[in-house]
Amino acid sequence: MTSQEIRRQFIDFFVQKHAHRFVPSSPVVPQDDPTLLFTNAGMNQFKPIFLGLEKRDYHRAANTQKCIRAGGKHNDLDDVGRSRRHHTFFEMLGNWSFGDYFKRGAIEMAWELLTGVWKLDPSRLHVTCYEGDEKAGIPRDDEAANLWREVAGLDDDHIHFFGFKDNFWVMGDTGPCGPCTEIHVDRTPDKTGGKDVNGDNPAVMEIWNLVFIQYNRHADGHLEPLPAKHVDTGMGFERICQVLQGKGDNYAIDLWQPFFGHLSKLSGAKYTGRFPASDTGSADAGGDDQLRIDIALRAIADHARMATFSIADGAVPSNKKRGAVLRSVIRRAVRFGYQVLGIKTPFLHSLVPVVAGAMGDAFPEVRQKAGHVAEVIRIEEESFLSVIDRGLKVFEEAADAARERPGKVFAGADLFN
Ligand code: SER
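For every chain, the first residue of the written sequence is number 1, and numbering continues from 1 onward in sequence order. Whole-chain, interface and lining totals are the exception, using all residues; otherwise, since this is a predicted model, local features are given only for residues with pLDDT of at least 70 and side-chain atom pairs are given and counted only at 80 or more. Processing note: side-chain calculations cover all non-hydrogen atoms of the structure and skip hydrogens and water entirely.

## Quick look at the nonpolar core
Rule in force here: Side-chain atoms within 4.5 Å link the members of a nonpolar core, which is a set of buried Ala, Val, Leu, Ile, Met, Phe, Trp, Tyr and Cys residues. A simple rule labels every residue: compare its accessible area, found with a 1.4 Å probe on the protein chains alone, to the largest value its type can have, and call it buried under 20%, exposed over 50%, or partly exposed in between. Strands here mean DSSP runs of E at least two residues long; helices mean DSSP runs of H or I at least four residues long; both are numbered from the N terminus. By definition, residues are in contact when any of their heavy atoms lie within 4.5 Å.
Judged by nonpolar contacts, the single largest core of 102 residues is most densely connected at Trp148, Ile207 and Trp208. The element best represented in this core is helix α8 (residues 289-312), accounting for 14 residues. Once you skip the residues sitting within four places of it in the chain, Trp148 turns out to touch Ile107, Trp111, Val127, Cys129, Gly153, Leu154, Ile159, Thr181, Ile183 and Leu210. With 21 residues, the next largest nonpolar core counts Leu36, Ala41, Phe90 and Cys180 among its residues.

## Here's the deal with the packing of aromatic side chains
Filter applied, for reference: Within 6.5 Å between ring centres, the rings of Phe, Tyr and Trp (the latter by its six-membered ring) count as paired, and their orientation is classed by plane angle as stacked under 30 degrees, edge-to-face over 60, tilted in between. Throughout this description, the term charge over a ring refers to an Arg CZ or Lys NZ atom that lies within 6 Å of the ring centre and within 35 degrees of the ring normal.
Taken as a whole and judged by the stated rule, the model has 19 aromatic pairs. For the ring pair Phe10 and Phe14, a centre distance of 4.9 Å and an interplane angle of 50° mean the geometry is tilted. With a gap of 4 residues between them, Phe10 and Phe14 both fall in helix α1 (residues 3-17), about one helical turn apart. When the ring of Phe13 is compared with that of Phe14, the centres are 4.9 Å apart and the planes differ by 90°; the resulting orientation is edge-to-face. Each member of the pair, Phe13 together with Phe14, is buried. Site record: aromatic cluster; members linked through ring pairs are Phe46, Phe50, Tyr58, Trp96 and Phe98. Sitting over the face of the ring of Tyr338, Lys344 holds its NZ or CZ atom 4.1 Å from the ring centroid.

## Some remarks on the state of the cysteines
Joining two cysteines, a disulfide is a covalent bond between their sulfur atoms. Rules: Note that a disulfide, as used here, is simply two cysteine sulfur atoms within 2.5 Å.
This structure, assessed with the given rule, holds 0 disulfides. Free of any disulfide, Cys67 has its nearest neighbouring cysteine sulfur in Cys241, separated by 14 Å. A relative accessible area of 0% places Cys67 in the buried class. With no disulfide partner, Cys177 has as its closest neighbouring cysteine sulfur the one in Cys180, 11 Å distant. When its relative accessible area of 0% is taken as the criterion, Cys177 is described as buried.

## Overview of the pairing of strand β3 (residues 89-98)
We count it as follows: Strand pairing follows a simple DSSP-based rule, namely that at least 2 bridges must link the two strands.
In terms of residue burial, β3 counts as a mostly covered element, since 10 of its 10 residues are buried. Burial along β3 is two-sided: Phe89, Glu91, Leu93, Asn95 and Ser97 and Phe90, Met92, Gly94, Trp96 and Phe98, pointing in opposite directions, are all buried. Judged from the 9 bridges that link them, strand β2 (residues 60-68) and β3 form a sheet pairing that is antiparallel. What sits directly across from Asn63, in β3, is Gly94. Two elements, β3 and strand β9 (residues 223-236), share 5 bridges in a ladder whose sense is antiparallel.

## Considerations on the environment of Glu143
Relative to the helices and strands, Glu143 is located in helix α4 (residues 142-152). For the pair Glu143 and Cys129, spaced 14 residues apart in the sequence, the C-alpha separation amounts to 9.3 Å.

## Examining the pattern of salt bridges
Worth spelling out the cut-off: Here, a salt bridge means any Lys or Arg side-chain nitrogen found within 4 Å of an Asp or Glu carboxyl oxygen.
Per the stated rule, a full pass over the model turns up 27 salt bridges. For Asp288, the salt bridge goes to Arg274, with nearest N and O atoms at 2.4 Å. Taken together, the residues span a long stretch of sequence, with Asp288 in the loop between α7 (257-267) and α8 and Arg274 in the loop between α7 and α8 at a distance of 14 residues. The residue Arg331 makes a salt bridge to Glu380 at a minimum N-O spacing of 3.9 Å. Residue Arg331 is located in helix α9 (residues 321-339), and its partner Glu380 is located in helix α12 (residues 370-404); the two are separated by 49 residues in the primary sequence. Each member of the salt-bridge network shares a partner with another, and the members are Lys66, Asp313 and Glu365.

## So, the site of the ligand
Filter applied, for reference: Near residues are defined by distance, with any heavy atom within 4 Å of the molecule or strand qualifying the residue. Two N or O atoms form a polar contact when they lie within 3.5 Å of each other; inside protein one atom must be a possible hydrogen donor and the other a possible acceptor, and for residues adjacent in sequence the pair counts only when both atoms belong to side chains. Here the open area of atoms and residues is found with the Shrake-Rupley method and a 1.4 Å probe, where only the protein chains shown may cover a residue. Following the grouping adopted for this structure description, the nonpolar residues are Ala, Val, Leu, Ile, Met, Phe, Trp, Tyr, Cys and Pro, the charged ones are Asp, Glu, Lys and Arg, and the polar ones are all others, Gly among them.
Near the ligand you find Ala41, Met43, Arg69, Met92, Trp169, Asn209, Val211, Asp232, Thr233 and Gly234, and these make up its full shell. Arg69 places a side-chain nitrogen or oxygen 2.9 Å from an oxygen atom of the ligand. For the ligand, an oxygen atom lies 3.2 Å from a polar atom in the backbone of Thr233. Within the complex, the protein chains bury 95% of what would otherwise be the 230 Å² of accessible surface of the ligand. If one sorts the elements of the shell around the ligand by residue count, β9 sits on top with 3 residues. Each residue belonging to the shell around the ligand can be placed in one class, and the counts come to 5 nonpolar, 3 polar and 2 charged.

## Looking at α1
The condition that has to hold: In this scheme, a helix's expected span is set at 1.5 Å multiplied by one less than its residue total.
The end-to-end C-alpha distance of α1, which contains 15 residues, comes to 20 Å, matching closely the 21 Å that a straight helix rising 1.5 Å per residue would cover. Restricting attention to buried positions, one finds in α1 the residues Ser3, Ile6, Arg7, Phe10, Ile11, Phe13 and Phe14. Ala19 lies just past α1 and shows a positive phi near 55°.

Here you go:
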């Protein structure tokens, strides 16, 4: 199944079979939400409905949402390139209920799609539920756990309880939130991945988060119950493609191949699909040159998508907030190109037509705005390349000095400089 087909099947399942309204993705640059730098989840555009501030003429919705997680509450930037399953830009497949179905409906439909339509092996699926917080007066989510037993027939060793960090979803410091139940897939040879749920084993991966939105979180942290109960789900598109295409990482799916092909032609570097042992943390490539190349190629491909989609939706590189995040992502890509692939001239902009080719059917705006986007990236690349040599030298000197210091402290003044 191609990634295009997977996207289509998800949407058809909810729209045609379960009477959801298709609501197109909102832009990655939020229209009127000062609490957000970039759209970080499919539910963002529905926030006023969850809060009871707005009503629509539909109570169920589904789509694939363009998301950016770089900067702000959900930030994966430092892991991108090294990780098998993180991106700065990704698509989130989602279905929503606005005061309509709740836990039972969400769990039934998720299970039907995964095991009925997509035929995933139920014995390879694990779920997590919220363990509750007595102090905050939020009970353990036994209701969700019981539904997993009843609807999906899951045994207790496939149902795991976790705390706030993993099983209570908050959009940001404020806003709609609630306990969630996540679905994880276990691809270990002997199906022993249950112990690695939410751990660091790449064979065990979260694919879908079902959030039961019930509260509005205020700036002081207190949770105010909402007038109605809602469902907000999010499935990482690249992750479900990875699973359904039988791959071990997000970058092995069909969608990325044109990116690596283009970069290979440009630099002569070959993509071999290798990864560090661990997906997150400070894992680096040590002295392994091919691993460094693979990391660089992935980071550049990912960052080309992030830059293209954010500029197409109106972001501009700058020194402030959203513009600064965009600038840092473009510079990270250029740095990988310069230091690892040896590309000393602007190149990132030449990936814009590749993004448009791979994703323009689902998101026509990247095709329509390709010329403008490429120009903005090219100008940004030129200005960065004009200072990169000197900048890297200054950085290396400061890093050397830091290595000599007790505790290897990088001086604040050097950091600022
Ligand atoms: N908002 C939830 C998430 O981002 C579910 O879509 O995981």
